[in-house]
Amino acid sequence: GRFGVRYSHAGLSLKSSENTRWSVRQLYYACDEQRPKVYDQGMAGFLLGLNDPSVGYVSVVYFPPADAAALERVALDDARAVQLLGPRYSANAYPFSLSYQNCNQWVMEVLAAAWGAIVDGPMSRSQAQAWLKEQGYAPSVMDVGFRPLMWLGALIPWLHDDDHPGEDLAQNRYRVSMPASIEAFVQVRQPGARRVEFCHADGRVV
């Protein structure tokens, strides 16, 4: 909320999921094991996994059929999904570095693999990031502003800044993949994509 962020986490809802129809495939950070995993979660569980279940916002982006089919093929390929999973998690991961990855950056790299014809292999992540940069992907800017907050981040085990450009750090900001930057990229690249926002509070849904 301090940074004006309404949406913090993105995943891919897949009709043909082996878990259950429309399950959300996502990067999940297993705190106990201290490592990221690819995790399939039913839609109900995904929607209820909020800080405050009594109020929330859900943004859904529907892709054009051909683009959706290409994305589903890559996302449902377990080997490729894991190949695009970074070994180290950071909630504020810089999108154009292989040092870390956050949940939204994994989604972006899956999109790149599907739409950028990225070849499967050990260089998949670097190729995906290069393609995103070529396509003009602009990550969200988190303007921290207050220098001591940058220092306090070093005390939180899932925040890092050693992957961020020095220029950004000097200006007390992070550039991070967030749902808003994913949506902006999709709307530019796939003009036929349709977005619907749901808001719920006290038993009412709009």
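As the structure is a prediction and not an experimental result, all values here were calculated from the model.

Caption draft 1: Examining helix H8 (residues 179–189) more closely. Within H8 the residues assigned to the buried category are Pro-179, Ser-181, Ile-182, Glu-183, Phe-185 and Val-186. Where H8 is buried, its residues meet strand E4 (55–62), helix H4 (103–115), helix H5 (124–134), strand E5 (140–143), strand E6 (173–176) and strand E7 (194–201).

Caption draft 2: The arrangement of the nonpolar core in detail. Core analysis: the largest hydrophobic core is formed by 33 residues, its most contacted members being Leu-12, Trp-106, Val-110, Trp-115 and Leu-132. At the level of elements, strand E1 (12–14), helix H2 (65–75), H4, H5 and H8 are the ones that each hand at least two residues to this core. Here the element with the most residues in this core is H4; it accounts for 10 residues. The contact partners of Trp-106, leaving out residues within four places of it in the chain, are Leu-12, Arg-25, Gln-26, Leu-27, Val-38, Ala-81, Leu-84, Leu-85 and Gln-101.

Caption draft 3: A look at the state of the cysteines. If you walk through the whole model with that rule in mind, you get 0 disulfides. Note on Cys-31: no disulfide assigned, nearest cysteine sulfur contributed by Cys-103 at a separation of 12 Å. The exposed category is assigned to Cys-31, whose relative accessible area is 52%.

Caption draft 4: The environment of Ala-117, seen in detail. Along the chain, Ala-117 turns up in the loop between H4 and H5. Residue classification places Ala-117 among the exposed residues on the basis of a relative accessible area of 65%. Sequence-wise, Ala-117 and Tyr-29 are 88 residues apart; in three dimensions their C-alpha atoms are separated by 27 Å.

Reading the values: the criteria
Just so you know, the residues in each chain are numbered from 1, in the order the chain's sequence is written. Local features are withheld for residues below a pLDDT of 70 in this predicted model, meaning they are given only at 70 or higher, and side-chain atom pairs are given and counted only at 80 or more; totals for whole chains, interfaces and linings count all residues. With hydrogens and water set aside, each side-chain value is computed from the structure's full complement of heavy atoms. Buried residues are those whose accessible area, probed at 1.4 Å on protein chains only, stays under 20% of the maximum for their type, while exposed residues exceed 50% and partly exposed ones sit between those limits. Secondary structure follows DSSP: runs of H or I at least 4 residues long count as helices, runs of E at least 2 residues long count as strands, and numbering of each begins at the N terminus. When checking whether two residues touch, look at their non-hydrogen atoms; a contact exists if any pair is within 4.5 Å. Here, the term nonpolar core denotes a set of buried Ala, Val, Leu, Ile, Met, Phe, Trp, Tyr and Cys residues that are joined through side-chain atoms within 4.5 Å. Two cysteine sulfur atoms make up a disulfide if the distance between them is within 2.5 Å.

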